[in-house]
Amino acid sequence: MMNTLTHHLNTAQQHAVCAPLGNLLVLAGAGSGKTRVLVHRIAWLMQQEHASPFSILAVTFTNKAANEMRTRVESLLGSSVNAMWLGTFHGLAHRLLRTHWKDAGLSENFQILDSSDQQRLVRRVMRDLNIDEERFPYKQAQWFINKKKDEGFRAQHLSAHHQPQEEMFIRIYAAYEEACAQSGLVDFAELLLRSYELWRDHDELRQHYRNRFRHILVDEFQDINGVQYAWLRLLAGENNFFTVVGDDDQLIYSWRGACADNLHKFKKDFPHVCTITLEQNYRSTSTILSAANALIDFNRDRFGKELWTDGAIGDPIRIYAAYNEIDEARFIASECLSWIDQGNTFNDVAVLYRSNAQSRVLEEALLQQGIAYRIFGGLRFFERAEIKDALAYLRLVNNRFDDTSYERIVNLPPRGIGNKSLETVRQHAREKSISLWQATHDVITHALLPARALTALESFLAMIDDLDNQTKNLALLESTEAIVNASGLIGHFQKEKGETGRTRIDNLRELISAAGEFNFDSVSPEEKETLTPITAFLSHATLEAGEHQADAMSNCVKLMTIHAAKGLEFPFVILCGMEEGLFPHQMSKGDPKGIEEERRLCYVGMTRAMRQLLLSYAESRRVYGQTHMASPSRFIREIPQQYLQEIRMQSKISRPASLAESSSFLNQKETSFRLGQYVRHTSFGDGVILDIEPNGEKTRVQIRFKTGTKWLIASLAKLESI
DNA sequence: ACCACCTGTTATTAT
DNA sequence: AACAGGTGGT
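Residues numbered from 1 in each chain as written. Chains lettered and ligands numbered in written order. Predicted model: local features only at pLDDT ≥ 70, side-chain atom pairs only at ≥ 80, totals over all residues. Heavy atoms only, no water.

**Student:** Tell me about helix α18 (residues 436-445), residues and numbers included.
**Tutor:** For α18, the set of buried residues is Leu436, Trp437, Ala439, Thr440, Val443 and Ile444. The arc that holds the buried residues of α18, viewed along the axis, is 160 degrees, so those residues lie on one side. (Buried < 20%, exposed > 50% of the residue type's maximum accessible area, 1.4 Å probe, protein only. Helix = DSSP H or I, 4+ residues; strand = E, 2+ residues; numbered from the N terminus. Arc of directions from axis to C-beta.)

**Student:** Help me get a handle on the protein's contact with DNA strand B, residues and values and all.
**Tutor:** Taken together, the neighbourhood of DNA strand B is formed by 27 residues, with Arg354, Asn356, Ala357, Arg380 and Gly416 sitting nearest. Arginine 380 is positioned with one of its side-chain polar atoms (N or O) 2.6 Å from a phosphate oxygen of DNA strand B. The side chain of histidine 563 places a nitrogen or oxygen atom 3.4 Å from a base oxygen of DNA strand B. Grouping the amino acids of the surface near DNA strand B by side-chain chemistry returns 7 nonpolar, 14 polar and 6 charged. (Near = heavy atom within 4 Å. Polar contact = N/O pair within 3.5 Å; in protein donor to acceptor, adjacent residues only side chain to side chain. Nonpolar A, V, L, I, M, F, W, Y, C, P; charged D, E, K, R; others polar.)

**Student:** Provide a residue-level description of the environment of threonine 275, including the pertinent values.
**Tutor:** Checked against the element boundaries, threonine 275 lands in strand β8 (residues 273-278). In the structure, threonine 275 is positioned 30 residues away from valine 245 in sequence and 10.0 Å away in space, judged by C-alpha atoms. Setting aside anything within four residues of it in sequence, one finds threonine 275 in contact with Leu25, Leu27 and Lys267. (Contact = heavy atoms within 4.5 Å.)

**Student:** Explain the packing of helix α13 (residues 325-341) against helix α14 (residues 359-368) to me, and be specific about the residues and the numbers.
**Tutor:** With their axes 8 Å apart at the nearest point, α13 and α14 run at an angle of 45 degrees to one another. By the angle between their directions, the pair α13 and α14 is classed as oblique. In this structure, α13 crosses over α14, and the sense of that crossing is right-handed. Across the interface between the two elements, Glu325, Ile326, Ala329, Arg330, Ile332, Ala333 and Cys336 from α13 touch Val361, Leu362, Ala365 and Leu366 from α14. Classifying every residue of the contact of α13 with α14 by side-chain character gives 9 nonpolar, no polar and 2 charged. (Axes fitted to C-alpha atoms, helices over the stretch in contact; angles between N-to-C directions. Parallel < 35°, antiparallel > 145°, perpendicular 65-115°, else oblique. Left-handed = near helix turned anticlockwise from the far one by under 90°.)

Remember that the coordinates give geometry; whether it matters functionally is a separate question.
Structure representation (structure tokens):
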């Protein structure tokens with residue numbers, strides 16, 4: 001069936017958009033019009049199948065993607081679709097829990113913990129349990145808890161199988177759960193797990209939402225984790241129709257529990273799945289696309305999909321070998337300027353990197369050249385310490401049981417409540433199993449501390465209570481302002497020397513105006529019934545930590561991690577830091593699965609580029625304040641030379657002769673070995689190649705055997721391919 | 001109790 | 001290099 005909605009789509013896209021009601025899996029390669037298909041599918045359902053927006057649930061991963069989808073659907077339909085549930089997994093789970101907080105076993109004004117809040121709390125819990133932090137790093141405990149939650153496990157479900165390490169982590173998990181419950185706190189993973197359990201355990205509720213959401217659409221399906229999958233499955237019934245869109249080659253969140261298997265499982269678990277593959281790429285030049293295809297072909301176990309384009313060949317992918325990271329940044333800045341000279345805009349340029357720490361040097365170079373830029377991700381507005389301090393006041397006023405917020409601000413600014421006093425309060429709270437707030441009251445009534453400390457505690461309690469009374473009937477802007485002013489934070493930061501104090505105060509003022517700008521009206525009518533403006537604002541702050549600043553400035557170069565760039569496209573992409581140990585990251589080396597994920601990440605980065613792609617690496621780089629030498633990323637080597645072009649040194653920096661010699665890796669002879677290849681060694685047995693260091697006759701290969709990982713000289717090792 | 005200073009640790013990737 | 005936590009002086 002053709003109509004105006006679909007006439008500008010290609011055949012495969014049309015099939016996906018107009019597929020009859022049923023379960024639909026769209027395997028959509030990079031740049032093949034994935035979002036377009038989703039948006040049109042929604043419009044199609046409404047126009048042709050007369051689906052009410054009320055019956056549609058559309059899930060994405062990032063707030064950015066959700067906003068874009070809403071905008072595009074609305075412009076396609078020419079009307080607003082407020083009744084449609086469209087958002088991130090976390091956002092929708094949050095909405096669900098606010099509505100059904102009682103059934104979910106939460107307190108009415110529960111607050112959301114971000115990862116640094118969570119870290120503090122895990123730490124506090126561990127201290128309460130007197131756990132040796134040397135043997136059990138709190139970071140690992142936090143990681144353990146989140147991993148288990150992502151898989152759908154509660155502490156009570158877990159057994160350690162006689163492993164002392166595991167046993168301890170389970171104990172911490174259990175204690176952490178208890179602390180969260182007592183303080184009315186919910187972390188990111190908990191949002192998902194809790195809403196899954198809500199539907200699982202309440203038949204009427206599940207049935208209600210099943211009846212309501214007949215059409216469920218999921219973006220980036222390859223990146224969903226165990227709980228998210230289970231959550232979606234609960235909605236699957238006779239009359240529910242799923243459209244899921246994904247690309248196994250773009251799976252980059254397996255460290256968060258995502259698993260390509262979900263794409264396979266979808267076909268098995270959901271009845272009569274119709275699969276459509278989108279392979280025509282509309283984004284990149286054929287050079288960029290062919291290079292990316294060649295790269296991703298190094299991965300095993302792919303669904304197998306070959307993207308093609310009938311677009312222009314375009315320019316070769318350029319490679320710049322920088323002397324160090326400063327040289328690299330300077331070159332990138334000069335590239336931005338010459339891009340402008342060719343009549344383009346800064347807006348077209350994206351500089352992508354593997355880890356946030358790389359942004360600093362880039363920033364300095366761009367600043368020096370006077371190039372407007374914007375960093376996405378990294379430390380975001382609502383994650384700044386001073387903002388979280390102020391928000392902790394708001395949260396405590398809002399919910400006295402929030403121990404995390406209490407701990408944060410009870411003596412900030414210093415008001416004479418020291419560690420000794422606090423320890424008494426903590427211990428009392430622990431013994432009686434009550435919140436720190438209640439414990440403080442007890443400590444005062446029973447006079448368990450010297451008079452001076454009691455007075456300090458008393459005035460702290462009084463201040464919070466007063467603020468509550470004063471702001472009860474005020475609008476969000478006024479109450480935020482009153483709370484920030486009364487907190488004494490501004491005076492505290494004024495004492496801080498240097499520029500930091502000023503910036504912090506500016507940020508606090510910005511927080512007040514953010515509260516003023518926060519549009520409670522944009523909150524869906526359903527949510528308005530269950531949320532107060534202040535709770536809505538606090539949740540917004542945690543769930544969308546500073547997304548709003550993203551679209552603010554338009555004409556500037558964009559800096560972000562490759563993860564953050566997923567789903568976006570830019571005419572000119574610069575992928576920097578293409579070095580072994582950085583990309584692929586050290587943490588992922590040594591595990592073929594890890595390397596494959598890094599390779600997919602590289603694939604995602606490359607396929608963001610429309611017209612121009614530049615790769616750069618530095619031969620030496622400072623890491624933890626120490627200079628390290630690095631060799632170019634294996635991913636550069638995996639791209640066929642025909643698509644590449646090395647850029648000559650332009651910089652005035654004199655480079656050591658030895659480095660100049662070795663820099664032209666493109667001239668190095670290819671070895672006959674491939675990463676991931678399985679080989680047999682006469683004495684070590686069978687193994688898999690993890691790494692290759694090309695060096696002519698002395699080329700070394702790293703191989704993981706059953707007995708361990710070894711570096712061998714390829715020409716001497718007598719390796720047999722198997 | 002508070003502040004300044006010192007020391008050891010530490011960074012994938014993100015909702 | 002940056003930061004958090006601990007130590008010692010006030």
